[in-house]
Amino acid sequence: MNGTSITAGTKPANQRKRSSWLLAGLSLGYFIVLLDTTVVTVALPAIREALGGGLSGMSWVTGAYTMVFASMLLGMGALADRLGAARVFLGGIVLFMLASVLCAVSPAIGWLIGFRALLGIGGAALLPSSLTIIAETFTDPARRTKALGIWAAVSGLALAAGPIIGGILVDTLGWQSIFLLNIPVGILSWLCTWANVNFSARKPAPSGMDPAGQLAGLLGVAALTSAFMESEDLGWGSPVILVLFAAAALLIGLFVWLEKRSHSPMLPLSLFRSAGMEQHAPSVQDFSWHAPEC
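Report follows, based on the coordinates. (Residues numbered from 1 in each chain as written. Predicted model: local features only at pLDDT ≥ 70, side-chain atom pairs only at ≥ 80, totals over all residues. Heavy atoms only, no water.)

### Focus on the packing of helix H2 (residues 54-83) against helix H8 (residues 211-234)
What counts, and what does not: Orientation is described by axes fitted as lines to C-alpha atoms, over the contacting stretch for helices, and by angles from 0 to 180 degrees between their N-to-C directions. Only DSSP runs of H or I with at least four residues qualify as helices, and only runs of E with at least two residues qualify as strands; both kinds are numbered from the N terminus onward. Throughout this description, any angle smaller than 35 degrees is read as roughly parallel, any larger than 145 degrees as roughly antiparallel, any in the 65 to 115 degree range as roughly perpendicular, and the remainder as oblique. Note on convention: the crossing is left-handed when the near helix lies turned anticlockwise from the far helix by less than a right angle, right-handed when the turn is clockwise. In what follows, residue pairs with any heavy atoms lying within 4.5 Å of each other are defined as contacts. The residue classification treats Ala, Val, Leu, Ile, Met, Phe, Trp, Tyr, Cys and Pro as nonpolar and Asp, Glu, Lys and Arg as charged. All others, Gly included, are polar.
For the pair H2 and H8, interaxial distance at closest approach is 9 Å and the crossing angle is 155 degrees. As far as their axial angle goes, H8 and H2 are roughly antiparallel. In terms of crossing hand, the pair formed by H2 and H8 is right-handed. Note on element contacts: H8 touches H2 through Gln214, Gly217, Leu218, Val221, Ala222, Thr225, Ser226, Met229, Glu230, Glu232 and Asp233, opposite Leu55, Ser56, Ser59, Trp60, Gly63, Met67, Ser71, Met72, Leu74 and Gly75. Tallied by class, residues from the contact of H2 with H8 come to nine nonpolar, nine polar and three charged.

The following block contains the structure:
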């Protein structure tokens, strides 16, 4: 009788321990995603001295990451639904670490910008998949709220610690070290997640990926971001800037049109007409403050 009671009590305790380690792994992944939005700004003078590039190049070093990150979020969320959130998260961590190494060994500013964009793809894979895993793991509303609070609190820590960590690393080990820092943290995140996540928590959805909508959204965000970043050098009235703004408006309009007609949209527009969306809009707005900024 006592042995049965002990066994029955051990299982929930083990589950709580595994879920705590899983939350730690997810939070570490989110930490390096947000850390890379601030840590690189401290290293820009050293990067410019080593690789050149001028003011426009430095803008693209920071902007390439956040531009691709923002434009790929919806697509990565859809991919997590199709392939499973755990697989997308673990694959995103691997891609993030690979891109970090490539950033550290970049021989020229153009290569660094390209690898920073690749880093943004990895980061975009981590955010929606980690939220899905938290929702699937912490089914109790009270525990889920606590888990989300801990996960979101990491954003404040990463954003505040980025300049401090970046300054120390650049002064002591060089600008490459700000990217290599992602490797040990990424490995720890991968191991904590892989060892504790439930790969069969939810059956992946069989529907399509909406590639046309993904492409239109990606190009629209890219055109809009490019217009803002290049306006400092070219001026707001430059024909190039005006064309970029016009292209952004057309592409975003095309994205909305495609989503309305898609059988498997990345962003079902009907969500914005639901009462639930209106009730949660303040929460979404508050969460947006934690997103990476250029």
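### Some thoughts on a nonpolar patch on the surface
We count it as follows: Patch membership is restricted to residues that have no salt bridge and whose relative accessible area is over 30%. Joining uses 9 Å for like charges and 5 Å for the nonpolar side chains Val, Leu, Ile, Met, Phe, Trp and Tyr. Only the protein chains shown count as cover for residues, with accessible areas throughout obtained via the Shrake-Rupley method and a probe of 1.4 Å. What counts as a salt bridge is simple: a side-chain nitrogen of Lys or Arg found within 4 Å of a carboxyl oxygen of Asp or Glu. Summary of the burial criterion: residues with accessible area below 20% of their type's maximum are buried, those above 50% are exposed, and those between are partly exposed, where the area comes from a 1.4 Å probe applied to protein chains only.
Residues Leu224, Phe228, Trp236, Ile252 and Val256 make up a contiguous nonpolar surface patch of roughly 450 Å² in combined accessible area. Of all elements in the fold, only H8 and helix H9 (239-261) reach the threshold of two or more residues within the nonpolar patch. Structurally, Trp236 is set in the loop between H8 and H9. Classification of Trp236 as exposed rests on a relative accessible area of 51%.

### Focus: the packing of H2 against helix H3 (residues 85-104)
Their axes nearest at 8 Å, the elements H2 and H3 cross at an angle of 145 degrees. Here H2 runs over H3; the crossing is right-handed. Only Ala85, Arg87, Val88 and Phe96 of H3 make contact with H2, whose side of the interface consists of Tyr65, Met76, Leu79, Ala80 and Leu83. Grouping the amino acids of the contact of H2 with H3 by side-chain chemistry returns eight nonpolar, no polar and one charged.

### Brief notes about the pattern of salt bridges
Tallied over the full model, the rule gives one salt bridge. Between Arg116 and Asp36 there is a salt bridge, with its nearest N and O atoms 3.4 Å apart. One end of the pair, Arg116, is in helix H4 (residues 109-137); the other, Asp36, is in helix H1 (residues 2-51), and 80 residues separate them in sequence. For the pair formed by Arg116 and Asp36, the shared burial category is buried.

### A look at the environment of Val197
Turning to its location among the elements, Val197 is positioned in the loop between helix H7 (182-196) and H8. Residue Val197 is classed as buried on the basis of its relative accessible area, which comes to 8%. Between the C-alpha atom of Val197 and that of Ala85, which follows or precedes it by 112 residues, the distance is 9.8 Å. Residues contacting Val197, with those up to four places away along its chain left out, are Leu22, Ala86 and Ile133.

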